[in-house]
Amino acid sequence: MMHRICPNCDGYASAAITLGGRDQNGHLRTITAHCPACHGTGTTLTRSTREGARA
């Protein structure tokens with residue numbers, strides 16, 4: 001199997017999004033959003049033409 005870059009996120013499968021404001025220690029509050037197409041892996045699995053072709 002070949003791994004190809006996800007066409008939806010171009011390989012950048014996760015992003016940290018700030019929620020605004022800071023916590024008591026001064027750190028930014030963030031959440032992580034994952035690409036829904038590749039589920040945060042950045043790649044898609046494709047079958048090569050050789051696999052499955054048996055003579």
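Residues numbered from 1 in each chain as written. Predicted model: local features only at pLDDT ≥ 70, side-chain atom pairs only at ≥ 80, totals over all residues. Heavy atoms only, no water.

### Some words on the overall build of the protein
When its secondary structure is counted, the protein shows zero helices and four strands. Counting from the amino terminus, helix and strand elements in the protein follow one another as β-β-β-β. The 55 residues of the protein split such that 11% are buried. Expressed as a percentage of contacts within the protein between residues at least 6 apart in sequence, the contacts between residues at least 24 apart total 56%. With the model as given, the accessible surface of the protein reaches about 4,900 Å², and the carbon-plus-sulfur share is 51%. (Helix = DSSP H or I, 4+ residues; strand = E, 2+ residues; numbered from the N terminus. Buried < 20%, exposed > 50% of the residue type's maximum accessible area, 1.4 Å probe, protein only. Contact = heavy atoms within 4.5 Å. Areas by Shrake-Rupley, 256 points an atom, 1.4 Å probe, with all protein chains shown as cover.)

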